[in-house]
Amino acid sequence: MARNQCLSRLTILLVVICLIISVVGCKSLTQKTEPAEIVYGLTLIPSGIDPHIHASSELGIPLRSVYDTLVYQDLETREFVPGLAESWDVSPDGLTYTFKLRQDVTFHDGTAFNAEAVRVNLERILDPAANSLKAAQLLGPVQEVRVDSEYSMTIVLSKPFVPLLDGLSQPYIGMASPAALSEYDVEIYQFHQVGTGPYRFVEYIVNDRLVLERNVDYNWGPSVVVNPGVPKVDRIVFRFFTDPASRALALQSGDAQIMGELLPTDARYLSDEEAVQLVSVGIPGQPLQFLFNTAQMPTSSLEVRQALLLATDRQAIVQSVFQGYSPVAYGPLSSTTLYYTPSVEGYYAYNPVQADALFNSTGWIDSDDDGWRDDLGAPLEIVLVVPPWGLAPEVAQLLESQWESVLKVQVQIKQVASFPMLSDEANKGEYNAISLNFAGLDPTVLNSFFLSDGMRNWSRYTDPELDDWLLAAQAEMDPGLRAGLYRLIQERIMEQALVLPVREYVNLNGVQPEVHGLHFDIQGWYPYLVDLELSP
Amino acid sequence: MARFILRRLLGIFLSIFLAITLSFLSLHLVQGDSAEAALFQSVASDDVLERRRETLGLDLPILIQYGRYLHQLSGGDLGVSWFGGQPVALLIGQQVGPTLSLVLSSMFVAVVLGLGWGILSATKSSSWIGHTSRVLIGASLALPVIFTGVVLVWVFSVMLGWLPATGQGGLKHLVLPALVVGLSIGGGIARAVDAGIREVLGEPFMRTALAKGLSRSRALYRHGLRVGLLPVVDVIALETGYLVGGTVITESLFARQGIGRVLVTAVLNKDVPVVLGVVVLSVVSYSVLNLLADIAHTWLDPRIHITA
C-alpha cells in the first residue's frame, strides 16, 4: 500500500459523507417560507387522519377547511345553516331527511360536486368493512342514502336520530371527491385528500407536518364565516408539538404563529407579556372528569362517592392547575354543551365537615388510630387511574392531598402512558376512579359512558331507567322534551355520584400579534381557517 | 470474497428472523389492546372493536398471527399501521431522509472529533494534555445526551441566539443535534483511537521505524495509524447502525421528525406492524454496516485476508 493510503482513504470517506450531508441539508433549505404562511401548532399525533374513518379530534383542526359539510351550525343562534346543502326538509316522523344541494361547487381535483358524490361519501362511511370509528356513529341508524336527482338526495333512517344534522355539520362527514376516493386505496387516501373546502390538502408527513394551500376557486363559504371566498393566507403548515412545555417556546421564538393547548401557566405568563394574544375556547362535551367505579369497594358505596365529591375543592384545583382559565365543572356535561342543565351546580359544594361525617356513616373509620381509615385492619385505599394528557396527573395529585387530609383515606395514583393502557386498566376494573372525557356539542356524547352496555361504561353502573332516558333523548324530536330528558339524565348521574367533574375543557390558543381572525366552530376544536389574516 | 459475502448475507437473514421473533413476542407483553389504540375520542360500540380485532387478525392465536406476518414479510410487504392505517413502508420511508441526515452529520462530527481527540491524547499520552483529554473522553461517554443537549440549547439558542432550538429545515437546524450526538459518540471513537495508537506505539515495527531514524510523528502517521485505527472502523460501523433507530432522545429534545419517534409512538400504541418495520430496518442497516466494516478492514489492512 502506498504511503498513508489508509489515511487518505479515510479522508475520501469523510468527504463523501460531507457531500451527502450537504445534499440532504440543501434539499431542506430550498423549502423557503413564503410571505403569507402560518405555522399552526398541533398537540398530539393523531392516529390516522382520514376523517371518515378515524376519530382523533386533532384531525378536524386542519380538515375542517379541506372539506365542506352539508350543513354548518351557527355558534350564536345554534341554528343549522346551509353549507353544501342549500336547504333541507325533515319528515314529521324524523325518519326522512331530504337535501337540495348547491350546483356551483367543484372539488379540488376539478370534478363536480353533486348528489351522487354525497351518496358515495356516506356509503363509504357506512360500509362495515371501513370500520369507521366516529363518522358512522355520527350518522346514526341510516337505512338508505338515495340520489333523487343531480342535486337532490334523501337520507332515510330506520329510527329517529335527532343528532343527524349535528353529525353532518362535523368535519368527520366532510364531502370528499369520489374520483379521489376511487383513485387511492383506503390506506393512502389520507395522504391525498381532496375536498371542496377553502384549503387544498398538499402534504402530510406523519409525526412532522401537514400542509394546506388555499383554494383559489373557493366562493361558496357558509354564513358562519366572515369571508365566504378565497382565503387571505396562502399556506398553512401544521406542526406537532407533543411536549406541552415546547409550545410556548415555539410561539415565542416565532417557530409557530398559532399554538393550541398551551399550558395554563405558560398562557398566564405569555398574556402578561402581551406579546401573544390568548384565544381561549370552551370545548363542549364532557368536562375533565373522574368516573367512579361503582363495582369496586369502597366506591361501590354511594356515600363514599358523595363524600369524595364533597371533599374535593374544585375551585382550588382550577386556580392552581388551570390558573383560573377554566370554569369549574359541576355535572357530566360542560355548560357549553346542548341541553346543559344549571341545576347540577347545586350538587356537592366543597364541604369537608359533611364529607367526613358522610364517610363515617359508612362504617369505614380509623379504628386503630394510625391516622387512616381502615378496612379489615389495613388502611383504606382509593385507586386513581390517570392518563398522561389534559393535566390529569396534576389534578390527581391535588385530589390525593385533598382526600388524604379531609377524609383520611390513602390514595394510590396509577398513571398510564397511553390510551390502550388506560382502556386496559378500565377493562381490568381494579380502580376506584378513572379519567376520560370526550368532546361533542350534542349530549349523546354521554351514551357510551352511561348506557349500561356502553363501551365506556367505566362507572360499571346499570340503571334501566337511565338507559331508557338516554335512548329516548336521542330520538326525541321536540327540543323542549329533549331538554327535559337531559335534565333528568344529568341530575341522575350527579345524584348517583357517578362522576367527579373537575373543570370544563378549555383550549388555550396562543396567537402571534400579526395573526387575525382566528375563530372556531361550535364544536370548539375546529378553526375556520378561511378567516385568518396576516397583517404586514 | 463472494462466498464470504454470501455467508454474511445468510447471517443477516438469520438476525432479521431472530429480531422479528423476539420483538413480536415481547410486544405482546406490552400492556393494552392494539385494537383500542385508535379508538381514543371514538364513540364506536363494542361491535366496531370486535370487527377491528378481526380485520387486524388479533382474534387469531399468536402463533398464527406470527406466521401470517412472516408470510407477508417474505413477499416484501411490511403491512399497514394498526394505529393510523397507513402503509408501514410509506410511514417509515417518510422518516428515512431526516433520520439519515441526523445520523450522517452526527457521525461526521463524531469521526472528526474522535480522531483528533484520540490522536491527541495518545501522542501526548504522558503529559497533562493526555490526562486531561482522557478525563474529558470519560466525561463525554458518561454524560447523557439529554444533559449535553439541554446545555448546548441553553448556550447556543437561548443565551447567544445563534441556532434554532427545535424543528428542521436546513443545516442550521442540524448543527445542535449533530453536535450533541457527535460529542457522545466521538468520545467512544476517541477512546478506541487512543487505545489503538498507544498499543501500536509499543509494537516492534514502530521501534524499527524509530530506529531507522524516523521522527516519532512521522513513524506514527506512516506506519502506526493504519494498524491502530482498525478497531475504530468497527466502532464507527456499530455506532452508525445503532443510531438508525436510536436517536429518539435527540429527536424528542429537538422536536425533529425521525424513525425513533415513529418507534416510540408505535410502541405506546402497540402498533405491531410499525414496530416490526422499524426493527427490520434497524437490523438490516446494522448488519450491512457491519459487513461494510469487515470489508473495509481488508481494504485498510492488506494483512487481513477474508476466507470463507
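Residues numbered from 1 in each chain as written. Chains lettered and ligands numbered in written order. Predicted model: local features only at pLDDT ≥ 70, side-chain atom pairs only at ≥ 80, totals over all residues. Heavy atoms only, no water.

1. Points about the overall build of chain B
Of regular secondary structure, chain B possesses 13 helices and zero strands. For chain B, the succession of helices and strands along the chain, N to C, is α-α-α-α-α-α-α-α-α-α-α-α-α. Projected onto its principal axes, the C-alpha positions of chain B cover 85 × 55 × 30 Å. Put simply, chain B has 308 residues, and 51% of those count as buried. Placing the 22 positive and 17 negative side-chain charges of chain B at their respective mean positions leaves the two points 19 Å apart. (Helix = DSSP H or I, 4+ residues; strand = E, 2+ residues; numbered from the N terminus. Buried < 20%, exposed > 50% of the residue type's maximum accessible area, 1.4 Å probe, protein only. Lys, Arg positive; Asp, Glu negative; His and termini not counted. Charge placed at Lys NZ, Arg CZ, Asp CG, Glu CD.)

2. Topic: the packing of helix α4 (residues 88–123) of chain B against helix α7 (residues 171–201) of chain B
Viewed as axis vectors pointing N to C, α4(B) and α7(B) meet at an angle of 35°, and their least axial separation amounts to 5 Å. When the axes of α4(B) and α7(B) are compared, the crossing they make is right-handed. (Axes fitted to C-alpha atoms, helices over the stretch in contact; angles between N-to-C directions. Left-handed = near helix turned anticlockwise from the far one by under 90°.)

3. Looking at helix α12 (residues 259–268) of chain B
One full turn of an α-helix is made of 3.6 residues, so residues set three or four places apart face in the same direction. Inspection of α12(B) places B:I259, B:G260, B:R261, B:V262, B:T265 and B:A266 among the buried residues, and these make up the whole buried set. Backbone geometry just after α12(B) places B:K270 at a positive phi near 50°.

4. A few points about the nonpolar core
Ranked by size, the top nonpolar core spans 180 residues in total, and within it A:F99 and A:W403 carry the most contacts. It is helix α13 (residues 272–300) of chain B that contributes the most residues to this core, eight residues altogether. Discounting residues that sit within four places of it in the chain, A:W403 has contacts with A:F292, A:L308, A:A311, A:T312, A:I382, A:L384, A:K408, A:V409, A:V411 and A:L500. In this structure, B:I189, B:A192, B:V200 and B:L229 belong to the second largest nonpolar core, which totals 23 residues. (Core = buried A, V, L, I, M, F, W, Y, C linked by side-chain atoms within 4.5 Å. Contact = heavy atoms within 4.5 Å.)

5. Observations concerning the interface of chain A and chain B
For interface size, the figure often reported is the accessible area lost on association. If you look at the interface, chain A gives 62 residues, while chain B gives 57 residues. When chain A packs against chain B, the two sides together hide about 5,500 Å² of surface, and 63% of this comes from carbon and sulfur. The interface formed by chain A and chain B includes one salt bridge. The residue B:E36 makes a salt bridge to A:R456 at a minimum N-O spacing of 3.4 Å. The interface formed by chain A and chain B holds 16 residue pairs in polar contact (both at pLDDT 80 or more) in total. For the side of chain A that touches chain B, the secondary structure elements donating two or more residues are α1 (5–29), α7 (186–189), β8 (199–205) and α14 (419–428) of chain A. Here the side of chain A that touches chain B takes 13 residues from α1(A), the largest share from any one element. Here the residues of the side of chain A that touches chain B sort into 31 nonpolar, 18 polar and 13 charged. (Buried area = accessible area lost by both parts, 1.4 Å probe. Salt bridge = Lys/Arg side-chain N within 4 Å of Asp/Glu carboxyl O. Polar contact = N/O pair within 3.5 Å; in protein donor to acceptor, adjacent residues only side chain to side chain. Nonpolar A, V, L, I, M, F, W, Y, C, P; charged D, E, K, R; others polar.)

6. Here we look at the pattern of salt bridges
Residues and elements named next belong to chain B. Following the criterion strictly, the structure yields 28 salt bridges over all chains and no others. Close ionic contact of E50 with R53 constitutes a salt bridge, the shortest N to O distance being 2.7 Å. Of this pair, E50 and R53 are both found in helix α2 (residues 46–56), three residues apart, which corresponds to roughly one turn of the helix. The exposure class of E50 is partly exposed, given its relative accessible area of 40%.

7. Let's talk about the packing of helix α8 (residues 204–211) of chain B against helix α9 (residues 216–228) of chain B
All names here are of chain B. Axis separation between α8 and α9 bottoms out at 9 Å; the angle between their running directions is 155°. When the axis of α8 is compared with that of α9, the two are roughly antiparallel. Taken as a pair, α8 and α9 cross one another with a handedness that is right-handed. Residues F205, M206, A209 and L210 of α8 lie in contact with α9, whose contacting residues are R216, A219, L220, H223, G224 and V227. In terms of residue class, the contact of α8 with α9 is built from seven nonpolar, two polar and one charged. (Parallel < 35°, antiparallel > 145°, perpendicular 65-115°, else oblique.)

8. Considerations on the environment of B:S287
Residues and elements named next belong to chain B. Note that S287 resides in helix α13. Taking the C-alpha atoms as reference, S287 lies 8.6 Å from L9; in sequence the two are 278 residues apart. Sequence-distant contacts of S287, defined by excluding residues within four places in its chain, comprise R8, I12 and S15. There is a polar contact of 2.7 Å between the side chain of S287 and the backbone oxygen of V283.

9. What about the sheet that holds strand β12 (residues 277–282) of chain A?
Residue and element names in this part refer to chain A. Spatially, the seven strands line up as an open sheet ordered β8-β9-β10-β1-β11-β20-β12, and their pairing is mixed. The strands lining the two open edges of the sheet, one partner per strand, are β8 and β12. In this sheet, strand β10 (residues 235–240) lies alongside strand β9 (residues 209–214) in antiparallel orientation, the contact comprising five bridges. Across the sheet, residue L210 finds its bridge partner in β10, namely F238. (Pairing = 2+ DSSP bridges.)

10. Brief notes about a nonpolar patch on the surface
Residues B:L143, B:I146, B:F147, B:V150, B:V151 and B:I249 make up a contiguous nonpolar surface patch of about 490 Å² in total accessible area. As for its position among the elements, B:I249 is in helix α11 (residues 248–253). (Patch = residues over 30% accessible without salt bridge, like charges linked within 9 Å, V, L, I, M, F, W, Y side chains within 5 Å. Areas by Shrake-Rupley, 256 points an atom, 1.4 Å probe, with all protein chains shown as cover.)

11. A word on the pairing of strand β17 (residues 410–415) of chain A
Residue and element names in this part refer to chain A. Summarising the sheet, strand β16 (residues 381–386) and β17 pair through six bridges and their orientation is parallel. Considered in β17, the bridge of L384 is made with I413. Handedness of the β-α-β unit built from β16, helix α13 (residues 392–407) and β17 comes out right-handed. (Right-handed = clockwise from strand over helix to strand, strands pointing away.)

12. Remarks on the packing of aromatic side chains
Think of a pair of aromatic rings as described by two things: how far the centres are apart, and how the planes are tilted against each other in angle. Applying the stated criterion to the full structure yields 16 aromatic pairs over all chains. Judged by centre distance (5.3 Å) and plane angle (40°), the ring pair of A:F419 and B:F40 falls under tilted. Pair noted here: A:F419 is in helix α14 and B:F40 is in the loop between α1 (2–27) and α2, and the two residues belong to different chains. Aromatic rings pair up to connect A:W389, A:F419 and B:F40 into one cluster. The ring of A:Y505 carries the charged tip of A:R503 above its face, separated from the ring centre by 4.4 Å. (Phe/Tyr/Trp six-rings, centres within 6.5 Å; stacked < 30°, edge-to-face > 60°. Lys NZ or Arg CZ within 6 Å of the ring centre and 35° of its normal.)

13. A few points about the confidence of the model for chain B
Mean pLDDT over chain B: 84, with 97% of residues reaching 70 or higher. The ipTM for the predicted assembly is 0.83, set against a pTM of 0.86. (pLDDT = per-residue confidence, 0-100.)

14. Remarks on the sheet that holds β17(A)
Think of a sheet as strands paired side by side through backbone hydrogen bonds, with each pair either parallel or antiparallel. Residue and element names in this part refer to chain A. Spatially, five strands are ordered β17-β16-β18-β13-β19 in an open sheet, and the strand pairing comes out mixed. The open sheet has two edge strands with one neighbour each: β17 and β19 (499–503). Strand after strand, the sheet turns through a mean of 20° between neighbouring axes, direction not considered.

15. Here's the deal with unusual backbone geometry
Residue and element names in this part refer to chain A. Of note, the amide linkage connecting M297 to P298 takes the cis form, showing an omega dihedral of -5°. Secondary-structure assignment places P298 in the loop between β13 (288–292) and α10 (302–310). One non-glycine residue, L376, lies in positive phi territory at about 50°. Look at L376 and you get exposed, because its relative accessible area is 84%. The backbone phi angle of L391 is positive, close to 60°, even though this residue is not glycine. Along the chain, the position of L391 falls in the loop between β16 and α13. By relative accessible area, which is 17% here, L391 ends up buried.

16. Brief notes about the confidence of the model for chain A
Summarising the model, chain A shows a mean pLDDT of 91, and 93% of its residues fall at 70 or more. The model gives residues 22–34 of chain A a pLDDT under 50, and that stretch makes 11 contacts with residues more than four places away or in other chains.

17. Considerations on the pairing of strand β20 (residues 506–511) of chain A
Residues and elements named next belong to chain A. Within β20, six of the six residues are buried, which leaves it mostly tucked inside the rest of the structure. Every second residue of β20 is oriented toward a common face, with V506, L508 and G510 on one face and N507, N509 and V511 on the other, all of them buried. Judged from the six bridges that link them, β12 and β20 form a sheet pairing that is antiparallel. Paired with V281 across the two strands is N507, which belongs to β20.

18. Describing the side chain of A:T341
Residues and elements named next belong to chain A. Its location among the elements puts T341 in the loop between α11 (314–321) and α12 (352–360). Side chain to side chain, T341 and S343 meet in a polar contact 2.9 Å long. Non-local contacts of T341, meaning those with residues more than four positions away in its chain, are made with R487 and Q490.

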